[in-house]
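Understanding the architecture of this molecule
Given next are the chains, with one letter for each unit.
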Amino acid sequence: MATRRGFMTAMAAGAGATLAVGPAAAQSGVDLTDWLSDVDNAGSVVDRTGTSETTVAVGADGNGGAFGFGPPVVRVDPGTTVTFEWTGGGGSHNVVADDGSFESPMQGSEGATFAHTFESAGVTRYYCSPHETMGMKGVVVVGDAQVTLPGGATPTPTATETETAEPRSFDGWLANTDNYDGVVDRRGEEEVVVEVGAEGNGGPLAFEPAAVRVSSGTTVKWEWVGPRRYDVVDPDLGYGSEQVTGEGYGYAVEFSENGLSKYECTKYGDQGMRGVVVVGDGPRETLSWQGVGAAGLLGSLLAVPLAAGVRLHAKTTTRAGKNFGRGDE
């Protein structure tokens, strides 16, 4: 019987093995590298498509203080109203479009707002005039425009991907997840890291990012950063890590087909420690059966139908400065 388990392939690295990481292929589009070169919190495009209104914080944490926009780069549909809401941090700020299409008054009070509706597809750069040189800049990407950030190219979403996107709370799955602020677009990357035990939900009780969209064939690697005992479990797909304590512990799953994974930490899920991985075009009504396999010590793929996900137990470093070895249990 076809289930959404079919799009998941679990992968484990044997002793001495590493996971390959490749940069996204360069593609044509709008190059934002120079504009965002001094913006320290602009590593990804946050997907806010599918909603007619969205909010960007003014005076968010970034650039050495409360001198950021949160999120600094956001993708919306044409006709979306973006409300800029002041946090009260960092003194007085304004929001000024680089092309002159809008400019807010200077404000500093928590809860102050300024709204602008982005009617047409395109890319709008904006900044805070007193703090632009500190990196307080942002971008609104309207429609399907592809953009290049300092970290590399972000592929253009297709109409199918937009049409099949889940509701923003994923049927309520992330309704209590307070660090969920839209779907982070990481398509085009071979490996994506999600932190386990990041700050959120009243303590070190968050997956960061809480929701991420990746390409088919991407390996998602969960990395323990918090001090408590955590696990990563998707009972519907049938994968799950051990419940362990140990900074640097890692667990990885390769997602090989379009689909949706809703996972949680079993101990803290009810407190909001939940996450989502959207793969490619997202969920389909039926998914082809692919089976599940685990990579052996020599990296050969073994067909093991219905096998659960297996943890990374390599003692070597798989990314600079990161040891994905087994933590203390």
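Residues numbered from 1 in each chain as written. Predicted model: local features only at pLDDT ≥ 70, side-chain atom pairs only at ≥ 80, totals over all residues. Heavy atoms only, no water.

As named in an unreviewed UniProt entry, the chain is Halocyanin domain-containing protein, taken from Halosegnis marinus.

**Here we look at the confidence of the model for the chain**
Taken residue by residue, the chain gives an average pLDDT of 74. The fraction at 70 or more is 71%. Strand β8 (residues 96–97) holds the highest mean pLDDT among the elements of the chain, 97, whereas strand β25 (residues 301–303) holds the lowest, 24. Within the model, the stretch residues 158–167 combines pLDDT values under 50 with 15 contacts to residues more than four positions away or in other chains. The low-confidence segment residues 284–329 (pLDDT under 50) makes 119 contacts with residues lying over four places distant or belonging to another chain. (pLDDT = per-residue confidence, 0-100. Helix = DSSP H or I, 4+ residues; strand = E, 2+ residues; numbered from the N terminus. Contact = heavy atoms within 4.5 Å.)

**Description of the nonpolar core**
Counting 25 residues, the largest nonpolar core has Phe 207, Trp 222, Trp 224, Val 232, Tyr 239, Phe 255 and Val 277 as the members making the most contacts within it. For this core, the secondary-structure elements that each account for two or more residues are β15 (191–200), β16 (203–208), β17 (211–214), β18 (218–224), β21 (250–255) and β23 (274–279). Among the nonpolar cores identified, the runner-up in size contains 20 residues, and Phe 67, Val 74, Phe 118 and Val 142 belong to it. (Core = buried A, V, L, I, M, F, W, Y, C linked by side-chain atoms within 4.5 Å. Buried < 20%, exposed > 50% of the residue type's maximum accessible area, 1.4 Å probe, protein only.)

**Observations regarding the environment of Val 232**
Tracing the backbone shows Val 232 in the loop between β18 and β19 (233–234). Sequence separation between Val 232 and Gly 275 is 43 residues, and the spatial gap between their C-alpha atoms is 9.2 Å. Residues in contact with Val 232, not counting those within four places in the same chain, are Val 196, Phe 207, Trp 222, Trp 224, Tyr 239, Gly 240, Ser 241, Tyr 251, Tyr 263 and Glu 264.

**Concerning the packing of aromatic side chains**
Describing an aromatic ring pair means giving the distance of the ring centres and the angle of the ring planes. Overall, the coordinates contain 14 aromatic pairs when judged by the stated rule. Ring centres 5.2 Å apart and planes at 75° place the aromatic pair Trp 222 and Tyr 263 in the edge-to-face group. In this pair, Trp 222 is assigned in strand β18 and Tyr 263 in strand β22 (residues 259–264), connecting sequence segments 41 residues apart. Like Trp 222, the residue Tyr 263 is buried in the burial classification. Linked through ring pairs, Phe 69, Phe 84, Phe 102, Phe 114, Phe 118 and Tyr 126 together constitute an aromatic cluster. (Phe/Tyr/Trp six-rings, centres within 6.5 Å; stacked < 30°, edge-to-face > 60°.)

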